[in-house]
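Residue strings, one per chain:
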Amino acid sequence: MNFSVVGDQLRALSRRLHEFGAALADSWSALAGSVSERRFVVFVVLPLAVALAVSIPLLPQLGLAAALLVAVLAVYIGDRRWGVAVLLALWFVVPGVRRVLGYVTEQVANDPLSLLPFAATAGAALVELARASVPRSALLAAAAVAAGFAFGLPLGFAGAPLPAMFAFGAYVAGLAGAIVIGGTLGRDGATRVLFRAIVVLAPLLALYALWQRLFGLPAWDQEWLDVSDFWSVIVEGQGALRVFSTANSPGTLAPLLAAGLLAALALRRRPAAAIPLALLCGLALGLTYVRSAWIALAAAALVYIVVSRGRVLPAVAAFLAIAVATVAVLAPVAPAAREVVQRARTIAQASSDRSVNERRQLLAEQLPASLTRPLGHGVGSAGEPSRLRGETPLRAPDNGYLSLLYQLGPAGFLLVAMALFAAAGAAVRLAVEAPAEARATPIAAGARATRTGRDASASDVRELRTWALALLAFYAVQLTAQDTFYGAHGVVLGLLCGAALVSVPAGVDESARRPVSSHRRLPLAVRATLR
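Residues numbered from 1 in each chain as written. Predicted model: local features only at pLDDT ≥ 70, side-chain atom pairs only at ≥ 80, totals over all residues. Heavy atoms only, no water.

(A) Quick peek at the overall build of the chain. Broken down by element type, the chain carries 20 helices and 0 strands. Put simply, the chain has 531 residues, and 50% of those count as buried. At a minimum sequence separation of 6, the contacts of the chain that also span at least 24 residues come to 74%. Total accessible area computed for the chain in this model is approximately 23900 Å², and 66% of it derives from carbon and sulfur atoms. (Helix = DSSP H or I, 4+ residues; strand = E, 2+ residues; numbered from the N terminus. Buried < 20%, exposed > 50% of the residue type's maximum accessible area, 1.4 Å probe, protein only. Contact = heavy atoms within 4.5 Å. Areas by Shrake-Rupley, 256 points an atom, 1.4 Å probe, with all protein chains shown as cover.)

(B) Spatial organisation of a nonpolar patch on the surface. Together, Val100, Tyr103 and Val104 make up a nonpolar patch on the protein surface, roughly 260 Å² of accessible area in all. Inspection of the secondary structure assignment puts valine 100 in helix 4 (residues 80–104). (Patch = residues over 30% accessible without salt bridge, like charges linked within 9 Å, V, L, I, M, F, W, Y side chains within 5 Å. Salt bridge = Lys/Arg side-chain N within 4 Å of Asp/Glu carboxyl O.)

(C) Up close: the packing of aromatic side chains. Within this structure, the stated rule accounts for 11 aromatic pairs. A ring pair is formed by tryptophan 211 and phenylalanine 215, whose centres lie 4.5 Å apart and whose planes are at 40°; its orientation type is tilted. Placement of both tryptophan 211 and phenylalanine 215 in helix 9 (residues 189–215) is noted, with a separation of 4 residues, approximately one turn of the helix. The exposed category is assigned to phenylalanine 215, whose relative accessible area is 59%. (Phe/Tyr/Trp six-rings, centres within 6.5 Å; stacked < 30°, edge-to-face > 60°.)

(D) Spotlight on the side chain of aspartate 111. Among the secondary structure elements, aspartate 111 is positioned in the loop between helix 4 and helix 5 (116–131). Residue classification places aspartate 111 among the buried residues on the basis of a relative accessible area of 5%. Side chain to side chain, aspartate 111 and arginine 98 meet in a polar contact 3.5 Å long. Leave out the neighbours within four places in its chain, and aspartate 111 touches Gln61 and Arg98. (Polar contact = N/O pair within 3.5 Å; in protein donor to acceptor, adjacent residues only side chain to side chain.)

(E) Main features of the pattern of salt bridges. Enumeration over the complete set of coordinates arrives at 8 salt bridges. One salt bridge in this structure joins arginine 99 and aspartate 221, with 2.6 Å as the shortest N-O distance. Here the residue arginine 99 occupies a position in helix 4, and aspartate 221 occupies one in helix 10 (residues 219–228), the gap between them amounting to 122 residues. No difference in accessibility class separates arginine 99 from aspartate 221, as the two residues are buried. In the salt-bridge network here, residues are joined through shared partners; they are Arg80, Glu128 and Arg131.

(F) The arrangement of the nonpolar core in detail. Core analysis: the largest hydrophobic core is formed by 123 residues, its most contacted members being Leu88, Phe149, Leu194, Leu262, Trp467, Leu471 and Phe474. When near neighbours in sequence (up to four residues on either side) are disregarded, phenylalanine 474 contacts Pro255, Ala258, Ala293, Ala296, Leu297 and Ala300. Counting residues in hydrophobic clusters, the runner-up holds 5 residues, among them Trp224, Leu225, Leu241 and Phe244. (Core = buried A, V, L, I, M, F, W, Y, C linked by side-chain atoms within 4.5 Å.)

(G) Structural view of helix 9. Helix length check: helix 9 (27 residues) gives 39 Å between terminal C-alpha atoms against 39 Å at 1.5 Å per residue, within 8%. Just past helix 9, the residue glycine 216 takes up positive phi, approximately 90°. (Expected span 1.5 Å × (residues − 1).)

(H) Seen up close, the packing of helix 5 against helix 8 (residues 161–184). For the pair helix 5 and helix 8, interaxial distance at closest approach is 8 Å and the crossing angle is 45°. When the axis of helix 5 is compared with that of helix 8, the two are oblique. Crossing handedness for the pair helix 5 and helix 8: left-handed. Contact residues: Phe118, Thr121, Ala122, Ala124, Ala125, Glu128 and Leu129 in helix 5; Ala170, Ala173, Gly174, Gly177, Ala178, Val180, Ile181 and Thr184 in helix 8. Residue composition of the contact of helix 5 with helix 8, grouped by class: 10 nonpolar, 4 polar and 1 charged. (Axes fitted to C-alpha atoms, helices over the stretch in contact; angles between N-to-C directions. Parallel < 35°, antiparallel > 145°, perpendicular 65-115°, else oblique. Left-handed = near helix turned anticlockwise from the far one by under 90°. Nonpolar A, V, L, I, M, F, W, Y, C, P; charged D, E, K, R; others polar.)

(I) Representation of the confidence of the model for the chain in the model. Averaged over the chain, the pLDDT score is 79; the fraction of residues at 70 or greater is 75%. Segment residues 20–35 is flagged for pLDDT under 50; beyond a separation of four residues in sequence, or across chains, it makes 19 contacts in the model. In this model, residues 444–456 is a region of pLDDT below 50 whose contacts with residues beyond four sequence positions or in other chains number 30 contacts. (pLDDT = per-residue confidence, 0-100.)

(J) Here's a closer look at the environment of leucine 261. Its place among the elements puts leucine 261 in helix 11 (residues 250–266). Those residues within four positions of leucine 261 in sequence are excluded, and the remaining contacts are Ala278, Cys281, Gly282, Leu285 and Leu297.

(K) Just helix 3 (residues 60–78), in detail. With 19 residues, helix 3 should cover 27 Å at 1.5 Å per step; its first-to-last C-alpha distance of 27 Å lies within 8% of that length. Regarding helix 3, the residues found buried are Gln61, Gly63, Ala65, Ala66, Leu69, Val70, Val72, Leu73, Val75, Tyr76, Ile77 and Gly78.

(L) Examining the side chain of threonine 288 more closely. Within the fold, threonine 288 resides in helix 12 (residues 271–288). We classify threonine 288 as buried; its relative accessible area is 0%. Within the structure, threonine 288 has its side chain in polar contact with the backbone oxygen of leucine 285 (distance 2.6 Å). Setting aside chain neighbours within four positions, we find threonine 288 in contact with Arg242, Val243, Pro250, Leu253, Ala254 and Leu257.

(M) The arrangement of the packing of helix 9 against helix 11 in detail. Two numbers describe how helix 9 lies on helix 11: the axes approach to 9 Å, and their chain directions differ by 125°. One finds that helix 9 runs oblique with respect to helix 11. As for the relative orientation of helix 9 and helix 11, their crossing is left-handed in sense. Between helix 9 and helix 11, the contacting residues are Phe195, Ile198, Val199, Ala202, Leu205, Ala206 and Ala209 on the first element and Leu253, Leu256, Leu257, Ala259, Gly260, Ala263 and Ala266 on the second. For the contact of helix 9 with helix 11, the class distribution of residues is 13 nonpolar, 1 polar and no charged.

So this is what it looks like as structure tokens:
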């Protein structure tokens, strides 16, 4: 053994630990006023910092994952709103970061970065549970979701313990954890943060998606496709590339772009923001070729029109006319426009479409079988987690409801469905009621506000709630073709549900329920960044 080398490594490790200790000293002082947060730092943040210091020379992906986890949780502890915004960015951007890092170093089969968004969401939810600040309605809904997925644990463990553990943690951390987080942001708080995050994220990801189509895939994206053999990004029979931006699939990107288009409707009185947002999201959404997202967006727009009592109809008609005119003008000269037209025509020819017929056949086979199994086939037996298990009948489920029923059985499915149905009912009530003068920040820059910028008009609040209801309707339809309970969109769905369920009891000061947003509790460097 070369003791000189070992000594150098130990000294380097000591220096790293010293640097992390100095960096966390300010955070420790900031958190000294709360016993629960001190325990969180001692038992979670410090061990993660040590793991980061040890892992950087061994595996860059693990080191970066630990560093990002510490950073996201530190921001969340200081300010919930900023924390939720960063968390959402993490879900949609980290897959692209993984591809770049794999390209400059080496591709890793089980990349630690793939677990980072789940761990960060679970950590943020645990922070709220430790603070004991979760409203009862959101806590009950999250508990119902967790209990529903627990129905699938016995058979899941019996069949394959590792996929069952991963699937249970992934679904509960994403969906139930987001309900907990959404509930703590107060009435309309999570919806407002989600709206702003989508207004920022959707056009940025759309720009990168358009780059992929116009100038070809970057080297890191191409290498990832070659290594992962993920060639469903090519439209069958047409050979067209389905853009996926920094997400891990076109199916993950498309709902985000659809949410961006719905946000453009909410911003219709501010055309300087609404038109570029609609243009970028609309073009990129068309190039994903995700037909189910197109259909779900049409359903969401219809809900928006009905709830707004027709006020949004001129904007919807204008957006649709611009889209049709653009495709009609470009179709003779642009292959992408022709491919979009061909893809849209297959919606009307569903009876002769092979993929549609396969989905119908799978539903006809698995639905009756799933209804007769009280505990389902076990959590982790369908969808993305089943990659760890091997081939299953629902390895790539094209129906989120069927995937849930298949894994959990009727009892577990009903528990999850009851929580979501309660949230949907609350969202409907919020959207149709006439809000009084609400204490809330405007949903976009330039909205009418008082000098303090804290009193939004009732119309802004109503617009925000209508957007949230339309987005919930989008997911309700999209679940018939995609398992959006899992992953990034499970978190978006959970935030919407948590925001809809939360209510402030009479006689309780609403300011007590506001998120911790005191920048004075953050270290100086972070404070300066947030200003």
